[in-house]
Amino acid sequence: LASEKLTSNAEVTELPTDYVALEQRYEAVRHATQSLVRLTRSYTAPPTNFDVQALQQQFTTLTSKIGGKRDAEAVAAAHRKEEESVPNTVQHAIARASLDVSERVGLEEPLGAALFKFGSIEEKVGNEKIKQDRCIHAKFIEPMASTLESGVALAQNARKEVASARLTLDAAKAAFKGAKPVHADAARRDVESAEDHFVTVVEEAMRLMRAIVESPAPLRHLSDFVAAQLAFHKEAAALLEDLAPEIEEIQVTQEALYRHENK
């Protein structure tokens, strides 16, 4: 095995070129997997970072301006309902706020009718988002996390074994270099044994890293992720396509009435 000289004159065994190249590829895959799992957990998690209370407060303020003075008990009951019900998605939060305002404004009012339709559709979109998130969790997050916990963990331990074996081999070489003639044969055997062990652990680490780098499983999981997103966006698009002309019709009618009354 080739070696390199340090300024201290201590020999450091070089890692095989193939090992170094594979290690770089493995590190890229490992970091990418960790980042994807972490980001996807956030993507599918309930909207804890979404300021639902601020949204609800804005709608409450809007309602008070439109509907005038409201019964104090009704307001208190609405706040209790908001506090007890944590939205599963941002769409659900918007739906609940919209439906709440539509009831307070009144369905006979154009805005109330439009918000009722909008809230009803947003709730369905939120349900589709939950279906997507569950699918992504089962078919992407869990298997990818399992890869990190099993395959990557084994490869990491194997890399530690390589580092340890490398130090042992370096120490054996140094001992052989400084050995007295009477101990030279024993020291040479130690070097040979350390070299054999080093080669063995390097091969095992490469096998485990190659299993991570070349596995088709991540691509299968990614395909499932894309399929889940596609299904969600198709359903959401279909729901919103049905809603859009209804909202537009209410808007156009209200605008015509407004212009007629303000001539």
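What you are looking at is a predicted structure, and each value in this text was computed from that prediction instead of being measured.

1. Remarks on the overall build of the protein
Across its full length, the protein carries seven helices and two strands. Looking at the 263 residues of the protein, the share that counts as buried comes to 33%. Sequence separation of at least 24 residues holds for 77% of the intrachain contacts in the protein that already meet a minimum separation of 6. With an accessible surface of roughly 16600 Å², the protein has 55% of that area assigned to carbon and sulfur atoms.

2. Observations concerning the environment of threonine 44
Considering the arrangement of structural elements, one finds threonine 44 in helix H1 (residues 17-44). With 89 residues separating them along the chain, threonine 44 and aspartate 133 place their C-alpha atoms 5.0 Å apart. Residues in contact with threonine 44, not counting those within four places in the same chain, are Asp133, Ile136 and Ile141. A polar side-chain atom of threonine 44 sits 3.4 Å from the main-chain carbonyl oxygen of arginine 41.

3. Concerning the side chain of histidine 221
Among the structural elements, histidine 221 can be located in helix H7 (residues 217-261). When near neighbours in sequence (up to four residues on either side) are disregarded, histidine 221 contacts Lys139, Phe140, Pro143 and Met144.

4. A closer look at H7
For H7, built from 45 residues, the straight-helix expectation of 66 Å at 1.5 Å per residue is met to within 8% by its first-to-last C-alpha distance of 65 Å. Considered for burial, the residues of H7 that qualify are Ala217, His221, Phe225, Ala228, Phe232, Ala236, Leu239, Leu243 and Ile250. Where the residues of H7 are buried, they touch H1, helix H4 (90-105) and helix H5 (110-177).

5. Some thoughts on a nonpolar patch on the surface
A contiguous nonpolar patch, built from Leu219, Leu222 and Val226 and spanning about 290 Å² of accessible area, is present on the exposed surface. Tracing the chain through its elements places valine 226 in helix H7.

6. Re the packing of aromatic side chains
Taken as a whole and judged by the stated rule, the model has two aromatic pairs. Between tyrosine 43 and phenylalanine 225, the aromatic rings sit 6.3 Å apart at their centres with planes inclined by 35°, giving tilted as the arrangement. Of the two residues, tyrosine 43 sits in helix H1 while phenylalanine 225 sits in helix H7, which places them 182 residues apart along the sequence. Assessed through its relative accessible area of 30%, tyrosine 43 is described here as partly exposed. The class of phenylalanine 225 is buried, set by a relative accessible area of 11%. Aromatic side chains phenylalanine 140 and phenylalanine 225 sit 4.8 Å apart centroid to centroid with 65° between the ring planes, which places their arrangement in the edge-to-face category.

7. A few points about the pattern of salt bridges
Any two side chains of opposite charge can pair, on the condition that their charged atoms come close. Per the counting criterion, the structure on display carries eleven salt bridges. The closest approach of N and O atoms between lysine 117 and glutamate 246, which form a salt bridge, is 3.0 Å. Taken together, the residues span a long stretch of sequence, with lysine 117 in helix H5 and glutamate 246 in helix H7 at a distance of 129 residues. Under the relative-accessibility criterion, glutamate 246 is labelled partly exposed at 34%. Note that lysine 131 and glutamate 128 form a salt bridge whose closest N and O atoms lie 3.5 Å from each other. With lysine 131 and glutamate 128 both in helix H5 and three residues apart, this pair spans about one turn of that helix. Judged by its relative accessible area of 16%, glutamate 128 is buried. Via salt bridges that share partners, Glu23, Glu27, Arg30 and Arg159 belong to a single interconnected network.

8. Some points on H1
Structural remark: α-helix, 3.6 residues per turn; residues separated by three or four positions point the same way. Between its first and last C-alpha atoms H1 spans 41 Å; for 28 residues at 1.5 Å apiece the expected length is 40 Å, and the two agree. Considered for burial, the residues of H1 that qualify are Tyr19, Leu22, Glu23, Tyr26, Glu27, Arg30, Thr33, Val37, Thr40 and Thr44. The inward-facing, buried residues of H1 contact H5, helix H6 (184-214) and H7.

9. Regarding the nonpolar core
Formed by 30 residues in total, the largest nonpolar core has its most connected members in Tyr19, Tyr26 and Val162. Residue assignment for this core shows that the elements contributing at least two residues are H1, H5, H6 and H7. Ranked by the residues each element gives to this core, the list is headed by H5, at 13 residues. In contact with tyrosine 26, other than residues within four places in its own chain, are Val152, Ala155, Gln156, Arg159, Met209, Ile212 and Val213. Val125, Ala236, Leu239 and Leu243 belong to the second-largest nonpolar core, a separate cluster that totals six residues.

10. Structural notes on the packing of H4 against H5
One can describe the packing of H4 onto H5 by two numbers: an axis separation of 7 Å at closest approach and a directional angle of 160°. Taken together, the axes of H4 and H5 are roughly antiparallel relative to one another. Crossing geometry of H4 relative to H5 is assigned as left-handed. Considered class by class, the residues forming the contact of H4 with H5 number ten nonpolar, nine polar and three charged.

Reading the values: rules and limits
Residues numbered from 1 in each chain as written. Predicted model: local features only at pLDDT ≥ 70, side-chain atom pairs only at ≥ 80, totals over all residues. Heavy atoms only, no water. Helix = DSSP H or I, 4+ residues; strand = E, 2+ residues; numbered from the N terminus. Buried < 20%, exposed > 50% of the residue type's maximum accessible area, 1.4 Å probe, protein only. Contact = heavy atoms within 4.5 Å. Areas by Shrake-Rupley, 256 points an atom, 1.4 Å probe, with all protein chains shown as cover. Polar contact = N/O pair within 3.5 Å; in protein donor to acceptor, adjacent residues only side chain to side chain. Expected span 1.5 Å × (residues − 1). Patch = residues over 30% accessible without salt bridge, like charges linked within 9 Å, V, L, I, M, F, W, Y side chains within 5 Å. Salt bridge = Lys/Arg side-chain N within 4 Å of Asp/Glu carboxyl O. Phe/Tyr/Trp six-rings, centres within 6.5 Å; stacked < 30°, edge-to-face > 60°. Core = buried A, V, L, I, M, F, W, Y, C linked by side-chain atoms within 4.5 Å. Axes fitted to C-alpha atoms, helices over the stretch in contact; angles between N-to-C directions. Parallel < 35°, antiparallel > 145°, perpendicular 65-115°, else oblique. Left-handed = near helix turned anticlockwise from the far one by under 90°. Nonpolar A, V, L, I, M, F, W, Y, C, P; charged D, E, K, R; others polar.

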